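# Residue-level structure breakdown
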Amino acid sequence: MPRRPKPSAPLTAVVANSAGEIFELEGFAAAGMAGTDRAVLTQADALKIPHGSELMFLPDRSPVLYNLDAQRFETLSENPYAPGEPLFPVAAFNSPGYVITRVSAYEEDPGAGFLPLFSYGAAGWDGQGFRTAVVRVDPEPRQDLRRMPRNKVIAGVERMRKALPDNRLRGHLEKCALEYGCPAAKNFFLGRYEAPLPTAQRCNAACLGCLSLQTGGDIPHSQDRIAFTPTPEEIAGIALTHIRRVDRAVVSFGQGCEGDPLLAADAIEPGIRLIREETEAGTINMNTNGGRPEILARLLDAGLDSVRISLNSIRKSPYEAYFRPKGYTFDQVIESIDAALSRGKWVSLNYLNCPGFTDSPEEADALEAFLRQRPVSMIQWRNLNFDPLRYWNIMGRVSPLGPPAGMKRLIGRIRRSFPGLRHGYFNPPKERFAESP
Ligand code: SF4
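Residues numbered from 1 in each chain as written. Predicted model: local features only at pLDDT ≥ 70, side-chain atom pairs only at ≥ 80, totals over all residues. Heavy atoms only, no water.

## Regarding the site of the ligand
What counts, and what does not: It suffices for a single heavy atom of a residue to lie within 4 Å of a molecule or strand for the residue to be listed as near it. Under the grouping applied here, Gly and all other residues not named as nonpolar or charged are polar, the nonpolar ones being Ala, Val, Leu, Ile, Met, Phe, Trp, Tyr, Cys and Pro and the charged ones Asp, Glu, Lys and Arg.
In the neighbourhood of the ligand, the contacting residues comprise Cys203, Ala205, Ala206, Cys207, Cys210, Arg225, Glu258, Gly259 and Asn289. Each residue belonging to the shell around the ligand can be placed in one class, and the counts come to five nonpolar, two polar and two charged.

## Looking at empty space enclosed by the protein
Note the cut-off: Buriedness for pockets is judged along seven lines, at least five of which must meet protein on both sides within 12 Å for an open set on the 1 Å grid over protein atoms alone, while cavities are sets there where a 1.4 Å probe fits but cannot get out, and lining residues have an atom within 4 Å of a point. Grid points are joined across faces, edges and corners, and a volume is the space filled by probe spheres set on the points. A run of H or I in DSSP counts as a helix once it spans at least four residues, and a run of E counts as a strand once it spans at least two, with each numbered from the N terminus. All domain edges in this entry derive from an automatic or database-based domain assignment.
Considering all chains together, one arrives at two cavities of 30 Å³ or more under this definition. Lining the largest cavity we find Val14, Ala30, Ala31, Pro63, Val64, Leu65, Pro89, Val90, Ser104, Ala105 and Ala123. Among the elements of the structure, β7 (61-67) and β11 (88-93) are those that each provide at least two residues to the lining of the largest cavity. Of all the elements, β7 adds the most residues to the lining of the largest cavity, at three residues. Taken together, the residues that form the lining of the largest cavity break down as 10 nonpolar, one polar and no charged. Looking at the lining of the second largest cavity, its residues break down into eight nonpolar, two polar and no charged. Taken domain by domain, the makeup of the lining of the second largest cavity includes at least three residues from each of domain 1 (12-136) and domain 2 (145-432).

## Things to note about the packing of aromatic side chains
What counts here: Any two rings among Phe, Tyr and Trp, with Trp reduced to its six-membered ring, count as a pair given centres within 6.5 Å; such a pair is stacked if its planes are under 30 degrees apart, edge-to-face if over 60, and tilted if neither. Type-normalised accessible area, obtained with a 1.4 Å probe on protein chains alone, sets the label of each residue: buried when under 20%, exposed when over 50%, and partly exposed for intermediate values.
Tallied over the entire structure, the rule returns 16 aromatic pairs. Between Tyr322 and Phe323 the ring centres are 5.3 Å apart and the planes differ by 75°, which places this aromatic pair in the edge-to-face class. One exposure class covers both Tyr322 and Phe323, and it is buried. When the centroid spacing of 6.0 Å and the interplanar angle of 85° are considered together, the rings of Tyr322 and Tyr391 count as edge-to-face.

## Things to note about the domain arrangement of the protein
Note: interface size is frequently given as the accessible area lost on complex formation between the parts. Condition: Using a 1.4 Å probe, buried area is obtained as the accessible area two parts lose upon being combined, added over both of them. Counted as salt bridges are all cases of a side-chain nitrogen of Lys or Arg within 4 Å of a carboxyl oxygen of Asp or Glu. Side-chain atoms alone can form a polar contact between residues adjacent in sequence; in general such a contact is a pair of N or O atoms within 3.5 Å, and within protein one must be able to donate a hydrogen while the other accepts it.
Entries for the protein in the domain assignment read domain 1 (12-136) and domain 2 (145-432). On a C-alpha basis, the centres of domain 1 and domain 2 stand 30 Å from each other. Both sides of the domain 1 and domain 2 interface together cover about 2500 Å² of buried area, and 67% of this is carbon and sulfur. Remark: the boundary between domain 1 and domain 2 carries two salt bridges. A salt bridge links Asp387 to Arg61; the shortest N-O distance between them is 3.4 Å. There are 10 residue pairs in polar contact (both at pLDDT 80 or more) connecting domain 1 and domain 2.

## A look at the nonpolar core
Condition: We call a set of buried residues a nonpolar core when its members are Ala, Val, Leu, Ile, Met, Phe, Trp, Tyr or Cys and they connect through side-chain atoms within 4.5 Å of each other. Contacts are assigned to residue pairs with any non-hydrogen atoms lying within 4.5 Å of each other.
Counting 109 residues, the largest nonpolar core has Leu349 and Trp381 as the members making the most contacts within it. Sorting elements by how many residues they give to this core places helix α4 (residues 232-245) first, with six residues. Counting contributing residues per domain, this core is built from domain 1 (12-136) and domain 2 (145-432), each supplying no fewer than three. Once you skip the residues sitting within four places of it in the chain, Trp381 turns out to touch Val99, Val137, Tyr351, Asn353, Thr358, Leu367, Met407, Leu410, Ile411, His423, Gly424 and Tyr425.

## Topic: helix α2 (residues 168-180)
Counted only if it meets this: Take the number of residues in a helix, subtract one, and multiply by 1.5 Å to get its expected span.
Spanning 13 residues, α2 covers 17 Å between terminal C-alpha atoms, matching the ideal 18 Å at 1.5 Å per step. Of all the positions in α2, only Leu169, Arg170, His172, Leu173, Glu174, Cys176 and Ala177 are classed as buried. Just beyond α2, the residue with positive phi is Gly181, at close to 70°.

## Regarding the sheet that holds strand β18 (residues 194-196)
In a beta sheet, neighbouring strands pair by backbone hydrogen bonds and run either parallel or antiparallel. Worth spelling out the cut-off: Here the rule is simple: two strands pair whenever DSSP picks up at least two bridges between them. For helices, the axis comes from a line fit to the C-alpha atoms of the stretch in contact; other axes are also lines fit to C-alpha atoms, and the angle between any two N-to-C directions lies between 0 and 180 degrees.
Across the sheet, seven strands lie side by side as β18-β19-β20-β21-β22-β23-β24; this open sheet has parallel pairing. Of all the strands in the sheet, the pair left with one neighbour each is β18 and β24 (422-424). Neighbouring strand axes in the sheet, compared pairwise and without regard to direction, differ in orientation by 25° on average. In terms of strand pairing, strand β21 (residues 306-311) meets strand β22 (residues 346-353) through six bridges, oriented parallel. Across the sheet, residue Leu311 finds its bridge partner in β22, namely Tyr351.

## Quick word on helix α6 (residues 293-302)
Taken across its 10 residues, α6 has seven buried, putting it largely inside the fold. Along α6, the positions that sit buried rather than exposed are Pro293, Ile295, Leu296, Ala297, Leu299, Leu300 and Ala302. Buried residues along α6 sit in contact with α5 (265-278), β20 (283-288), β21 and α8 (330-342). Taken from the residues just after α6, Gly303 is the one with a positive phi, measuring 135°.

## A look at the pattern of salt bridges
Throughout the structure, instances matching the rule amount to 30 salt bridges. Here Arg72 ties to Glu74 by a salt bridge, and the two come within 2.9 Å at their closest N and O atoms. For Glu74, a relative accessible area of 15% corresponds to the buried category. Taking the shortest distance from any N to any O, the salt bridge between Arg372 and Glu368 comes out at 2.7 Å. Of this pair, Arg372 and Glu368 both sit in helix α9 (residues 361-373), four residues apart, which is roughly one turn of that helix. When its relative accessible area of 11% is taken as the criterion, Glu368 is described as buried. Counted as one network, the salt bridges with shared partners bring together Glu140, Arg142, Glu194, Arg432 and Glu435.

Right under this line is the structure:
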């Protein structure tokens, strides 16, 4: 039985060649970065790579590794053991529920373009397997791919075609589940946990990392936006089908394949009423940018049980630099949080985090001050799917940042300061609202 490496043991660097083959590079330790801060990745900094995570190589970039002999960080564009063979950095796109604590360390080559919309966690090799720099915030297997076999999804699609033949939203979710591989859509067809209710074709923000609409041409978007507005009956049809067959079901407006649901309230409000006329079971949730507090208030009064508000920062200028709001203000987002809190609703922050920015002293202090004033129910730590180097540059231009404290330390600080605050990744069912964190 091979001896377990010491916690302080550095992980071996992993890199890729131009064919995309990933291999460890002896003599070099893996390195991670957070803003301008670089660190050697040790056994203790990383977990066994979570199931369902993917390793990617980063084009037009050179890995920054730690030379164990020379005891220094080096940027390698060529394989030192095969001169002339280009080397590329490797990063991990970790499964849901794992927060990255360090980004894969690399430098851009001249002329490099934007990276696609993923998060780029640091990774290394411990002699037996890959490890990634993450902390786990949510153990729920809601999006565990091992529980979503394709043949069962397909069987579910066929069942729903019979049950909801004329429901266009069912048709849209089929494409999401089978073509985009959306775990939320798969869960609808599998009858598990949370079902998606995409409704909005438009959005009043223009997030740098929007998954459903990218206009600049530099970055491909991940999925197309829904091309129609479902009727209240179509919305209720999907929701009630899910609620009737899933214990502690959650149904959620505000998905990656749509704009912002507050802009589709004319269909959503009667949809919610149709659901609540039929049953009090199930949790009706909305993921939103919160830009229209007056509309959100209407939907909360109509029967919305919980709301998740997306934020990359609790500070106005970094927020505006990322969300690029069109026709709403940062203050209105805060008003939306207040509207939900004042009604005693479950409020989650969809906290888009990126090491080097989120764990900067400026951001950490702002988050703590905000939570003191507004006791939200939950913070969902979500890795920001956006080019990290470009993100630090953009955020650094709107607000200079101090040295990062580390994501683990930040989460620990928030846990200690707010023991009643739930941490996680997934929207909980209302049956679990009263549980202690
Ligand atoms: S709020 Fe959502 S839909 Fe709107 S731009 Fe941002 S990511 Fe895209």
